[in-house]
Amino acid sequence: MTTSPMARGGLPLFLTELPAGADHVVLSGPEGRHAATVTRLRVGERLLLADGRGGIARAEVTSVTKDELRADVLERVQEPAPELRVTMAQALLKGDRAELAVDQAVEVGVDALVPWRAARCVARWDAGPRGAKALDRWRATARTAAKQARRSWLPPVHEPTSTAGLAERVGSAALALVLHESASTRLTSVDLPTTGELLLVVGPEGGIDETELATLTEAGARPVLLGDTVLRASTAGVAALGALAARTGRW
């Protein structure tokens, strides 16, 4: 097994376990049904299989049933995690904009997501079933987006956090940046670390209030500006991630 990135081409990717040394893989459950009945893969066609932890394989279909697919492994790679990990703390958003923000962030390359219960959030996640259901939607969206982007690493979606909890994450990050319209420093001019965690904080529709901004900056975060225009809360994060990807060599 090598550690060099594998060329994706136009092959569909499915998430499954990749047992060490296995020459054959059985894709079953929801992934197997999707491959067989939605993607309609047939014997002889090729696909990508990833374990969500950097392992990725190119395989060829050997048999297909209604809800199961078997494939021979042709090539296997273990892709290393990035030395600089980008975590996005996204304030809770209402409606479909939350899933849109998660989907785009994962496609662009975020390494982890943290739902943030900011003061001005319109959406509210309680500690009961409704909050758990909303978190499940974020995780399902992240999984689908990772497959769409053919990612070998599945970004985790952590439990929601308060501003106090977010400030603790700021203190442990190599660098924490808060997108804010009052900032005088542009994101593109900030010196970036090469290792560790880069925490990117994105506020809600109503913006980050002054008390929250003070709490985060006192913990060590730096307010930064994307540009002269104001972006929606659901698109600001993906725009910032794109700029960071260009600066860190991911793009």
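Residues numbered from 1 in each chain as written. Predicted model: local features only at pLDDT ≥ 70, side-chain atom pairs only at ≥ 80, totals over all residues. Heavy atoms only, no water.

**Considering the overall build of the protein**
Okay, step 1: In terms of helices and strands, the protein carries six helices and ten strands.
Okay, step 2: What you see for the protein is a C-alpha radius of gyration of 20 Å, in line with the 18 Å of a compact globule of 251 residues.
Okay, step 3: Viewed in the frame of its principal axes, the protein has a C-alpha envelope of about 60 × 40 × 30 Å.
Okay, step 4: Looking at the protein residue by residue over its 251 residues, the buried ones come to 48%.
Okay, step 5: Considering only contacts in the protein between residues 6 or more positions apart, those separated by 24 or more positions represent 72%. (Helix = DSSP H or I, 4+ residues; strand = E, 2+ residues; numbered from the N terminus. Rg over C-alpha atoms; globule rule 2.2 N^0.38 Å. Buried < 20%, exposed > 50% of the residue type's maximum accessible area, 1.4 Å probe, protein only. Contact = heavy atoms within 4.5 Å.)

**Structural notes on the UniProt feature "domain: Ribosomal RNA small subunit methyltransferase E PUA-like" (unreviewed entry) in the protein**
Okay, step 1: Here the UniProt feature "domain: Ribosomal RNA small subunit methyltransferase E PUA-like" (unreviewed entry) sits at residues 27-73.
Okay, step 2: Its end C-alpha atoms 12 Å apart, residues 27-73 is made of 21% helix and 45% strand. (UniProt positions renumbered as here; feature names shortened; annotations may be inferred.)

**Points about the sheet that holds strand 10 (residues 222-224)**
Okay, step 1: The strand order across the open sheet formed by five strands is 7-6-9-8-10, and the pairing between neighbours is parallel. The open sheet has two edge strands with one neighbour each: strand 7 (112-116) and strand 10. Recorded for the sheet is a direction-independent mean angle of 25 degrees between the axes of neighbouring strands. (Pairing = 2+ DSSP bridges. Axes fitted to C-alpha atoms, helices over the stretch in contact; angles between N-to-C directions.)

**Quick look at helix 5 (residues 210-218)**
One turn of the α-helix equals 3.6 residues, which is why residues spaced by three or four share an orientation.
Okay, step 1: Taken together, the buried positions of helix 5 are Glu212, Leu213 and Leu216. One face of helix 5 carries all of its buried residues, which in axial projection span an arc of 100 degrees. Exposed positions of helix 5 whose direction lies more than 90 degrees from the buried face are Glu210, Thr211 and Glu218.
Okay, step 2: On its buried face, helix 5 is in contact with strand 7, helix 4 (163-172), strand 8 (175-179), strand 9 (196-202) and strand 10.
Okay, step 3: The backbone nitrogen of Thr211 has a side-chain oxygen 3.2 Å away, supplied by the residue at the start of helix 5, namely Asp209.
Okay, step 4: Phi turns positive, to about 120 degrees, at Gly220, one or two residues after helix 5. (Arc of directions from axis to C-beta. Polar contact = N/O pair within 3.5 Å; in protein donor to acceptor, adjacent residues only side chain to side chain.)

**So, the nonpolar core**
Okay, step 1: In this structure, Leu200 and Leu216 are the most contacted members of the largest nonpolar core, which totals 55 residues.
Okay, step 2: Excluding residues within four positions of it along the chain, Leu216 makes contact with Trp116, Thr163, Leu166, Ala167, Val170, Val178, Val201 and Ala221. (Core = buried A, V, L, I, M, F, W, Y, C linked by side-chain atoms within 4.5 Å.)

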